[in-house]
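# Topology and contacts: notes
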Amino acid sequence: MLYTAICVQGIVFVMLACMSYGIYINEEGQTYEFSHSFTVFFVKLPCTIALHLLLYPEVAVGLDIMKFANQNPGQFVRNGS
Amino acid sequence: MGLIQVLMALFCECINISLLTYQHTTDHCIIHFVALEVIMDVSNFYAEAMMENKLKEFVAEAPKPHRDMIEDPVTGEKRYKKGSEQKFGDRSCFHKLARIVYKLTRCLYVGIVFYFVPFSTLFMQFGYSISAGEKKALEEAAAKPTHPELLF
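Remember, predicted model here, so these are calculated numbers, not experimental data.

Time to look at the interface of chain B and chain A. Between chain B and chain A, the residue contacts involve 57 residues of the former and 47 residues of the latter. Among the elements of the structure, α1 (2-21), α2 (26-49), α4 (93-116) and α5 (120-143) of chain B are those that each provide at least two residues to the side of chain B that touches chain A. Considering only residue class, the side of chain B that touches chain A consists of 33 nonpolar, 18 polar and 6 charged.

Next comes the structure, spelled out in structure tokens:
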């Protein structure tokens, strides 16, 4: 189960790394200029906040797992900590 | 696994911000947002595909740490022992490190990421536009001859 979970997270990481590489090499040929369109602005902000709200439960569960491992070391280390 | 999950979420958020910062069309903003959402859901798709797994049920219900009941030294009432009341020296070396990492991650997330990161797109696009302007000016300056008299 642990190795499977690490494998799945590895796949997610590779996909994210590919996206960041795409940004690095400027795959889409974007220009670094300020967009003067208000429609773009009004889409950007909700998109950022929406993804933030989508990711918050993931982070909260991750922190809970970390806390659980900290508070209950006996369940993860042989003969307790 | 919890740390990996948190780091992935933070990495995804960084990519989202850097992608959205220099978008010029609404379509691209939404496409990138949906793409990142789907990528982050890959692990959930896999977890949902697993059937009759005890660990899956455990993680899905957001595990709560087991705490011992102790008597409060001041009020004398029974209450749960706090994590901070567990002596740091009693922990193993690994759990000392794990505790420090947990505290630092939580401080970073609760103090900075949760409140400020969603709005950083607004500031970053100004930063990009300024740096792009400076870059353009530098390129123009480099293209111009430094000593015009040499042209004649």
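Among the nonpolar cores identified, the biggest contains 29 residues, and Cys47, Leu55 and Val59 of chain A together with Ala9, Cys12, Leu36 and Met40 of chain B are the most heavily contacted of them. Elements supplying a minimum of two residues to this core: α1 (2-24) and α2 (38-71) of chain A together with α1, α2 and α4 of chain B. Examining the composition of this core, we find that 10 residues originate from one element, α2 of chain A, more than from any other. Counting only domains with at least three residues in this core, you end up with domain 1 (1-65) and domain 2 (84-144) of chain B. Dropping the residues within four chain positions of it, Cys12 of chain B is found in contact with Leu16 and Leu55 of chain A together with Leu36 and Met40 of chain B.

Right, let's get into the domain arrangement of chain B. All names here are of chain B. Entries for chain B in the domain assignment read domain 1 (1-65) and domain 2 (84-144). Opposite the 8 residues of domain 1 that make contact, domain 2 presents 9 residues. Considered class by class, the residues forming the side of domain 1 that touches domain 2 number 6 nonpolar, 1 polar and 1 charged.

Calculation rules
- Residues numbered from 1 in each chain as written.
- Chains lettered and ligands numbered in written order.
- Predicted model: local features only at pLDDT ≥ 70, side-chain atom pairs only at ≥ 80, totals over all residues.
- Contact = placed C-beta atoms within 7 Å.
- Helix = DSSP H or I, 4+ residues; strand = E, 2+ residues; numbered from the N terminus.
- Nonpolar A, V, L, I, M, F, W, Y, C, P; charged D, E, K, R; others polar.
- Core = buried A, V, L, I, M, F, W, Y, C linked by C-beta atoms within 7 Å.
- Buried ≥ 20, exposed ≤ 12 C-beta atoms within 10 Å, placed from the backbone.
- Domains from an automatic or database assignment.

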